Amino acid sequence: MSIINAILNAILQAIGWLMPISESGHSAIFHDFSGASNGAVWQVTGMVHIGIALGIVLASFSIFKRLALEFVGAGKDLIHKNLTVKNAPPARNLLYMVMISFLPMLLWLIPIGRYGFLYKLLRSLSYNGTILDEGVMIAFIGLMLFLAVRQMTVSRNDKPVSLIPALIVGVASVVFVPTAGMSLTAGVFTILIIFGVTKTIAFRYCLVMSVPVLLVMGIVEAAAATYKAAVIPMILGLVISVAASFICTRLLKFIIKKGYLKYFSYYDFALGGLAVIIGAIQLIVR
């Protein structure tokens with residue numbers, strides 16, 4: 001059974017993370033109905049998150065290779081005092097803006113009493129015995145997608161990422177990652193689109209933001225998981241999640257190119273609304 005669970009986890013989590021439907025929201029709803037809504041983590045989940053990161057890198061290898069070269073180049077320029085920020089080429093500008101977006105995530109380390117850190121506090125709010133809040137968050141993601149789709153129909157969206165949207169993405173990501181019902185992929189993409197950034201750059205930004213977040217999450221979850229796993233389920237989870245996220249990355253690119261994101265907004269509205277209704281009933285029954 002653990003092998004089947006590892007396979008299903010790998011596939012469903014890859015789909016949930018890369019498609020704009022909220023991996024954390026679906027996970028919280030599933031755990032609530034299965035009676036395991038305490039936020040406990042299975043070790044395979046950590047391996048799956050690592051695998052998703054690897055799959056994204058493999059599917060977009062040229063992007064990450066270029067950014068790695070730009071990072072090395074920026075380091076050399078800094079050493080030789082030739083580093084410039086203004087009028088940077090597109091790849092270098094993308095690198096700078098992504099680094100700026102990661103800075104607000106340091107807020108996760110703010111100590112919060114018995115919860116330890118802000119990250120744990122935000123995550124604890126997602127496992128409270130009701131799916132009302134998850135429904136609200138999923139519906140909110142649907143609204144953001146709807147606004148982004150509308151923006152792309154009335155605007156050329158031909159801008160690069162600038163300082164303000166990069167900072168807003170960073171601050172928003174502080175909530176997107178640990179809060180069930182939110183989606184880093186959908187959130188980052190829609191914010192940039194609303195600011196007029198091109199679809200291609202917004203898509204790449206989502207991928208670059210996702211990889212380090214997934215790697216850190218995966219390592220922490222695999223090392224400090226509540227429920228340990230055998231070697232075979234962990235290997236299966238890793239390998240299958242790499243393949244699934246590779247396919248989902250390419251699929252997401254196709255979906256954005258063809259303008260199919262509106263269907264995901266409908267899905268998020270429907271699921272979010274249903275979760276709100278069920279969550280409200282849960283609170284009344286209590």
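Keep in mind that what you see is a predicted model, and the values were worked out from it rather than measured.

## Remarks on the packing of helix α7 (residues 132-154) against helix α9 (residues 184-194)
Moving on, step 1. Where α7 contacts α9, the two axes come as close as 9 Å, and the packing angle between them is 35°. Helix-helix and strand crossings are classified by hand; for α7 and α9 the assignment is left-handed. Across the interface between the two elements, Ile141, Met144, Leu145, Leu147, Ala148, Gln151 and Met152 from α7 touch Ala186, Gly187, Phe189, Thr190, Ile191, Ile193 and Ile194 from α9.
Moving on, step 2. In terms of residue class, the contact of α7 with α9 is built from 11 nonpolar, three polar and no charged.

## Observations concerning the pattern of salt bridges
Moving on, step 1. Overall, the coordinates contain four salt bridges when judged by the stated rule.
Moving on, step 2. Among the ionic pairs, Glu70 bridges to Arg92, the shortest N-O distance being 2.7 Å. Of this pair, Glu70 sits in helix α4 (residues 61-79) while Arg92 sits in helix α5 (residues 90-102), and the two are 22 residues apart along the sequence.
Moving on, step 3. Relative accessible area serves as the criterion here: at 10%, Glu70 is assigned to the buried category.
Moving on, step 4. Residues Arg92 and Asp77 are paired through a salt bridge, measuring 3.2 Å at the closest nitrogen-oxygen approach. Of this pair, Arg92 sits in helix α5 while Asp77 sits in helix α4, placing them 15 residues apart in sequence.
Moving on, step 5. Residue class for Asp77 comes out partly exposed when judged on its relative accessible area of 24%.
Moving on, step 6. Salt bridges sharing partners connect three or more residues here, namely Arg66, Glu70, Asp77 and Arg92.

## Side note on the packing of aromatic side chains
For any pair of aromatic rings, geometry is given as the distance between the ring centres together with the angle between the planes.
Moving on, step 1. Evaluated as defined, the whole model comprises four aromatic pairs.
Moving on, step 2. Measuring from ring centre to ring centre gives 6.1 Å for Phe254 and Tyr260, while their planes differ by 65°; the resulting arrangement is edge-to-face.
Moving on, step 3. For Tyr260, a relative accessible area of 36% corresponds to the partly exposed category.
Moving on, step 4. Among the aromatic residues, those joined into a ring-pair cluster are Phe254, Tyr260, Tyr263 and Tyr266.

## What about the nonpolar core?
Moving on, step 1. In terms of nonpolar packing, the biggest core is built from 71 residues, with Trp17, Met19, Ile56, Leu192 and Tyr205 touching the most fellow members.
Moving on, step 2. Setting aside chain neighbours within four positions, we find Leu192 in contact with Val161, Pro165, Val169, Val197, Ala202 and Tyr205.
Moving on, step 3. Of all hydrophobic cores here, the second largest spans five residues; its members include Ile131, Ile138, Leu271 and Ala275.

## Quick look at the environment of Ser124
Moving on, step 1. Its place among the elements puts Ser124 in helix α6 (residues 118-124).
Moving on, step 2. For the pair Ser124 and Ala180, spaced 56 residues apart in the sequence, the C-alpha separation amounts to 9.4 Å.

## Here's the deal with unusual backbone geometry
Moving on, step 1. Phi at Ser22 takes a positive value of approximately 70°, unusual for a residue other than glycine.
Moving on, step 2. By the secondary structure assignment, Ser22 is in the loop between α1 (2-18) and α2 (23-33).
Moving on, step 3. Classification of Ser22 by relative accessible area gives buried; the value is 0%.
Moving on, step 4. A positive phi angle, close to 45°, is found at Asn157, a residue other than glycine.
Moving on, step 5. Following the sequence through the fold, Asn157 ends up in the loop between α7 and α8 (163-176).
Moving on, step 6. By relative accessible area, which is 8% here, Asn157 ends up buried.

## So, empty space enclosed by the protein
Moving on, step 1. Under the criterion given, the structure shown has two cavities of 30 Å³ or more.
Moving on, step 2. By volume, the largest cavity amounts to about 50 Å³.
Moving on, step 3. If you trace the largest cavity, you find it lined by Pro20, Leu145, Thr185, Ala186, Phe189, Leu252, Ile256 and Leu261.
Moving on, step 4. Of all the secondary structure elements, the ones that give two or more residues to the lining of the largest cavity are α9 and α11 (231-258).

What counts and how
Residues numbered from 1 in each chain as written. Predicted model: local features only at pLDDT ≥ 70, side-chain atom pairs only at ≥ 80, totals over all residues. Heavy atoms only, no water. Axes fitted to C-alpha atoms, helices over the stretch in contact; angles between N-to-C directions. Helix = DSSP H or I, 4+ residues; strand = E, 2+ residues; numbered from the N terminus. Left-handed = near helix turned anticlockwise from the far one by under 90°. Contact = heavy atoms within 4.5 Å. Nonpolar A, V, L, I, M, F, W, Y, C, P; charged D, E, K, R; others polar. Salt bridge = Lys/Arg side-chain N within 4 Å of Asp/Glu carboxyl O. Buried < 20%, exposed > 50% of the residue type's maximum accessible area, 1.4 Å probe, protein only. Phe/Tyr/Trp six-rings, centres within 6.5 Å; stacked < 30°, edge-to-face > 60°. Core = buried A, V, L, I, M, F, W, Y, C linked by side-chain atoms within 4.5 Å. 1 Å grid on protein atoms, 1.4 Å probe; cavity = no way out; pocket = protein on both sides within 12 Å on 5 of 7 lines; lining within 4 Å. Points joined across faces, edges and corners; volume = space filled by probe spheres on them.

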